[in-house]
Amino acid sequence: MKVKWIKDQKAEHHLRSLGIKFEAATVPLADVDMKLSLQRQTRLAGKLNDDWVIEYATAMDGGSPFPMVILSKLKPKGFYVPSGLHRAAAAAFIGETKIDAYVVAIHDPRIADIFARTVNAIEGHRLSRDEMLVNARYLIETHSMSTEEAAKLLGLKPNWITV
């Protein structure tokens, strides 16, 4: 492997705060469903940012360390990327066949949804403020979260959120 994957304390803390168990593993990129990962991501643009992928790929190729991605297990086999899609795409772009990742199995759809909507508030290319506000309103309306809870998970001030 060319890419130096490193542990990510913020991601580990976020997973633990939501009660999500995880393990570190090396996973073949061929087992990662990139199309499904893209469909499940929560950025408003709904697509990969090619500039970020090339920026990451260049840095990876140059030896820069990157935080491990987070993969969620699919049934009956395989994975999708709830966090680190640009990093996974960059690794594939430079010809990596495996990635180091935190592997999670989230059986509660509510927790999976909350995790997907909040993880980019703490890692990677952060969500824009507009994206974080959209996700905060979604968490409040869909998951009956308080404004304070949603704000805390997204790193917002509660008075910024209007429902």
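Look up a bit, the structure's there.
Since we're looking at a predicted model, the values are computed, not measured.

Parameters at a glance
Residues numbered from 1 in each chain as written. Predicted model: local features only at pLDDT ≥ 70, side-chain atom pairs only at ≥ 80, totals over all residues. Heavy atoms only, no water. Helix = DSSP H or I, 4+ residues; strand = E, 2+ residues; numbered from the N terminus. Rg over C-alpha atoms; globule rule 2.2 N^0.38 Å. Buried < 20%, exposed > 50% of the residue type's maximum accessible area, 1.4 Å probe, protein only. Contact = heavy atoms within 4.5 Å. Areas by Shrake-Rupley, 256 points an atom, 1.4 Å probe, with all protein chains shown as cover. Lys, Arg positive; Asp, Glu negative; His and termini not counted. Charge placed at Lys NZ, Arg CZ, Asp CG, Glu CD. Axes fitted to C-alpha atoms, helices over the stretch in contact; angles between N-to-C directions. Parallel < 35°, antiparallel > 145°, perpendicular 65-115°, else oblique. Left-handed = near helix turned anticlockwise from the far one by under 90°. Pairing = 2+ DSSP bridges.

(A) Structural detail: the overall build of the protein. What the protein contains, in helices and strands, is seven helices and six strands. Over its C-alpha atoms the protein spans a radius of gyration of 16 Å, differing by no more than 12% from the 15 Å that the globule rule assigns to 163 residues. Counting only C-alpha atoms, the protein reaches 45 × 35 × 25 Å along its principal axes. The buried share of the protein, taken over its 163 residues, is 48%. Counting contacts in the protein only where the partners sit at least 6 residues apart, residues at least 24 apart contribute 74% of the total. Total accessible area computed for the protein in this model is approximately 8,800 Å², and 52% of it derives from carbon and sulfur atoms. In the protein, the 22 positive side-chain charges and the 19 negative ones have mean positions that sit 3 Å from each other.

(B) The arrangement of the packing of helix 3 (residues 50-61) against helix 4 (residues 85-93) in detail. Taken N-terminus to C-terminus, the directions of helix 3 and helix 4 make an angle of 60 degrees; their axes are 8 Å apart at the nearest point. Judged by the angle between their axes, helix 3 and helix 4 are oblique. Here helix 3 runs over helix 4; the crossing is right-handed. Between helix 3, through W52, V53, Y56, A57 and M60, and helix 4, the contact on the second element is made entirely by H86, R87, A89, A90, A91 and F93.

(C) Looking closely at the sheet that holds strand 4 (residues 69-73). Here we have four strands laid out as an open sheet, ordered 2-6-4-5, and mixed in their pairing. Of all the strands in the sheet, just strand 2 (22-28) and strand 5 (79-83) have a single pairing partner and so form its edges. When strand polarity is set aside, the average angle formed by the axes of neighbouring strands in this sheet is 45 degrees. Bridge count between strand 2 and strand 6 (residues 98-104): seven bridges; the pairing is antiparallel. Paired with T26 across the bridge in strand 6 is D100. Helix-sheet contacts for helix 4 involve strand 4, strand 5 and strand 6, and the interaxial angle to strand 5 is about 125 degrees.

Read these as layout, nothing more, since geometry by itself doesn't imply function.
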